[in-house]
Amino acid sequence: MDWDNLCFNIATFIAGVFVLDYGADKFVDHTVVVGQRLGISPTLIALLTAGTEYEELAVVVAAVLQHRSPLALGNVMGSSVSNILGAFSLGLLCHPGRMEFDRTAKMYSALLLSVTTLVVVLAFCEQLNQLTGGVLIAIFVLYMVSIGYAIYRGIAEPPELSDSESDDDIPTSRDYQIQHSESDPLLPTADEGRILPRPLYYHLLQLLFGLIALSLSGYILAHSAGTIADSLHLSGTVFGLTVIAFATTLPEKFISVLSGFRGQGGIIVATTAGSNIFLLTLCVGIVAASGGAAGQADTFVLFDLVTVWMSALLLVAVVFLRPPSRISGFVLLAAYLVFLVLEFTVYKR
């Protein structure tokens, strides 16, 4: 084994994760600002920044372009499992009592189970081709349109947290001083202390930097992960299901922990279900439409597909039956650890 090459690619992979996080933050945050400046509906902007997986999409596109479709599909399926058994379980563990879920959370989770069932059946029957890929992408478009319309009509409220929250929105001591200076003549006035908003071209440039960082990180992660998988004699599917999936779902895990401490069960479900619907429709649809999912020797075993479907079923069970939150969290987290162990041992392929 070439240890120097392995260590170099591991370091490259870690660096790619940081570039990925930077690019996702820039892209999401400045998309919101640009949309507001251009007069786009705030409800649609909130929808686009919650429950979306732009970093996953970048990894998938880069893997497809490098003809590593098994790595892309493994990343998507692994991220779907990690979002529920990993991120959602942490949110349950951090909640102080029995978590409550509203009607919107139940709607999201039920829709996710339906989408997961469709994708698992297509994958099991080896029907992920260009036609079904186009159907999945069309389902994603209809999903976005319907949710946007529902938010506009006030049927469903957008999640309060997104995958990336801008630091500019967090009030600081300076902001507190500015707010109180208007009523206190001894403090500087609002006009003297207020920071002028940045021009539109600044946010457009930051948005461009975010897109470049996303594209670069996707290439770095896909290329280095493929080399690491070859060095360790692991299939691209296994590596995508485990390591890449865990790394690219770290933002969701942070949001789940924070929402759990705040008792926001609906936010956790909306982020988890929304992210998985994004993955299983748009991302899988892109891989299938590119023709990369057909005729691959390195495909899923039944265990992978069953785990993906069972994860969605467990999410629905927790949301509708509302068992004790921490017990449910322990069960889901234990199931995730078992999944990782089995992927690296029994189903190593």
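Scoring rules and cut-offs
Residues numbered from 1 in each chain as written. Predicted model: local features only at pLDDT ≥ 70, side-chain atom pairs only at ≥ 80, totals over all residues. Heavy atoms only, no water. UniProt positions renumbered as here; feature names shortened; annotations may be inferred. Helix = DSSP H or I, 4+ residues; strand = E, 2+ residues; numbered from the N terminus. Buried < 20%, exposed > 50% of the residue type's maximum accessible area, 1.4 Å probe, protein only. Contact = heavy atoms within 4.5 Å. Areas by Shrake-Rupley, 256 points an atom, 1.4 Å probe, with all protein chains shown as cover. Axes fitted to C-alpha atoms, helices over the stretch in contact; angles between N-to-C directions. Left-handed = near helix turned anticlockwise from the far one by under 90°. Nonpolar A, V, L, I, M, F, W, Y, C, P; charged D, E, K, R; others polar. Core = buried A, V, L, I, M, F, W, Y, C linked by side-chain atoms within 4.5 Å. Patch = residues over 30% accessible without salt bridge, like charges linked within 9 Å, V, L, I, M, F, W, Y side chains within 5 Å. Salt bridge = Lys/Arg side-chain N within 4 Å of Asp/Glu carboxyl O. Parallel < 35°, antiparallel > 145°, perpendicular 65-115°, else oblique. Expected span 1.5 Å × (residues − 1). Arc of directions from axis to C-beta. Phe/Tyr/Trp six-rings, centres within 6.5 Å; stacked < 30°, edge-to-face > 60°.

- In the nomenclature of an unreviewed UniProt entry, the protein is known as Sodium/calcium exchanger membrane region domain-containing protein of Aspergillus versicolor CBS 583.65.
- Per UniProt, the protein carries the Sequence similarities (unreviewed entry) text "Belongs to the Ca(2+):cation antiporter (CaCA) (TC 2.A.19) family. SLC24A subfamily."
- In its Subcellular location (unreviewed entry) section, the UniProt record describing the protein reads: "Membrane".

### A few points about the overall build of the protein
Part 1: Helices and strands together make up the secondary structure of the protein, namely 14 helices and 0 strands.
Part 2: Written out in order from the N terminus, the α and β elements of the protein read α-α-α-α-α-α-α-α-α-α-α-α-α-α.
Part 3: By the burial criterion, 50% of the 349 residues in the protein qualify as buried.
Part 4: Look at the contacts in the protein between residues 6 or more apart in sequence, and 87% of them connect residues 24 or more apart.
Part 5: Counting every atom, the protein has about 16700 Å² of accessible surface; 67% of that belongs to carbon and sulfur.

### A word on the packing of helix α4 (residues 69-94) against helix α14 (residues 325-344)
Part 1: Across the interface, α4 lies against α14 with an axial gap of 8 Å and an inter-helix angle of 145°. Taken as a pair, α4 and α14 cross one another with a handedness that is left-handed. In this structure, α4 uses V81, S82, I84, L85, G86, F88, S89, L92 and L93 to contact α14, whose residues at the interface are S325, R326, S328, G329, F330, L332, L333, A335, Y336 and F339.
Part 2: Its residues assigned to classes, the contact of α4 with α14 comprises 12 nonpolar, 6 polar and 1 charged.

### Notes on the UniProt feature "transmembrane region" (unreviewed entry) in the protein
Part 1: Per the UniProt entry, the sites bearing "transmembrane region" (unreviewed entry) are residues 7-24, 72-93, 105-124, 131-152, 200-221, 267-289, 301-321 and 327-347 in this numbering.
Part 2: Helix makes up 100% of residues 72-93 and strand 0%, with an end-to-end C-alpha separation of 30 Å.
Part 3: From the first C-alpha to the last, residues 267-289 spans 32 Å; its make-up is 100% helix and 0% strand.

### Looking at the environment of V284
Part 1: Mapped onto the elements of the fold, V284 is located in helix α12 (residues 265-289).
Part 2: Relative accessible area serves as the criterion here: at 0%, V284 is assigned to the buried category.
Part 3: Note: C-alpha distance between V284 and L57 (227 residues apart in sequence) is 9.6 Å.
Part 4: What V284 contacts, discounting residues up to four positions off in sequence, is L73, V76, V119, L128, L136 and L279.

### A word on the nonpolar core
Part 1: Judged by nonpolar contacts, the single largest core of 53 residues is most densely connected at F88, F101, L112, L280 and V284.
Part 2: Elements with a minimum of two residues in this core: α3 (54-65), α4, α5 (103-124), α6 (130-152), α12, α13 (302-321) and α14.
Part 3: Apart from residues lying up to four places away in sequence, L112 is in contact with I84, A273, N276, I277, L280, A312 and L315.
Part 4: Judged by nonpolar contacts, the second largest core, of 12 residues, contains V17, V59, L71 and I228.

### Considering a nonpolar patch on the surface
Part 1: On the surface, Y22, Y201, L205, L208, F209, L211 and I212 cluster together to form a nonpolar patch covering roughly 700 Å² of accessible area.
Part 2: Sort the elements by how many residues they give to the nonpolar patch and helix α9 (residues 200-231) lands first, with 6 residues.

### Details of the packing of α13 against α14
Part 1: The N-to-C vectors of α13 and α14 enclose an angle of 175°; their axes lie 12 Å apart at closest approach. Taken together, α13 and α14 sit at an angle that is classed as roughly antiparallel. For the pair formed by α13 and α14, the contact residues are F303, D304, T307, L314 and V318 on the first element and S328, L332, F339, L342 and E343 on the second.

### Thoughts on α14
Part 1: Taking 1.5 Å of rise per residue, 20 residues should cover 28 Å, and α14 covers 29 Å from first to last C-alpha, within 8% of that figure.
Part 2: Listed in full, the buried residues belonging to α14 are S325, S328, G329, L332, Y336, F339, L340 and E343. Seen from one end, α14 has its buried residues packed into an arc of 110°, which puts them on one side. For α14, the exposed residues lying more than 90 degrees away from the buried face are I327, F330, V331 and V341.

### Here's the deal with α5
Part 1: Compared with the 32 Å implied by 1.5 Å per residue over 22 residues, the 32 Å span of α5 between its first and last C-alpha is a close match.
Part 2: Among the residues of α5, those classed as buried are T104, A105, Y108, S109, L112, L113, V115, T116, V119, V120, L122 and A123.
Part 3: Remark: E126 follows α5 within two positions and exhibits a positive phi of approximately 55°.

### What to know about the environment of L90
Part 1: Here L90 lies in helix α4.
Part 2: For L90, a relative accessible area of 24% puts it in the partly exposed group.
Part 3: Here the alpha-carbon distance between L90 and R326, two residues 236 residues apart in the chain, equals 9.0 Å.

### Some points on the side chain of Q206
Part 1: Within the secondary structure, Q206 is located in helix α9.
Part 2: Here Q206 falls in the buried class, since its relative accessible area comes to 10%.
Part 3: In this view, Q206 contacts K26 and H30; residues no more than four positions away in its chain are not counted.

### Here's the deal with unusual backbone geometry
Part 1: In this structure, E126 takes a positive phi of about 55° despite not being glycine.
Part 2: Along the chain, E126 falls in the loop between α5 and α6.

### Some points on the packing of aromatic side chains
Describing an aromatic ring pair means giving the distance of the ring centres and the angle of the ring planes.
Part 1: Counted by the stated rule, this structure contains 3 aromatic pairs.
Part 2: Taking the centre distance of 6.0 Å and the plane angle of 25° together, the rings of F303 and F339 count as stacked. Taken together, the residues span a long stretch of sequence, with F303 in helix α13 and F339 in helix α14 at a distance of 36 residues.
Part 3: Ring centres 6.3 Å apart and planes at 20° place the aromatic pair Y336 and F339 in the stacked group. Remark: F339 and Y336 occur in helix α14; sequence separation between them is 3 residues, near one turn of the helix.

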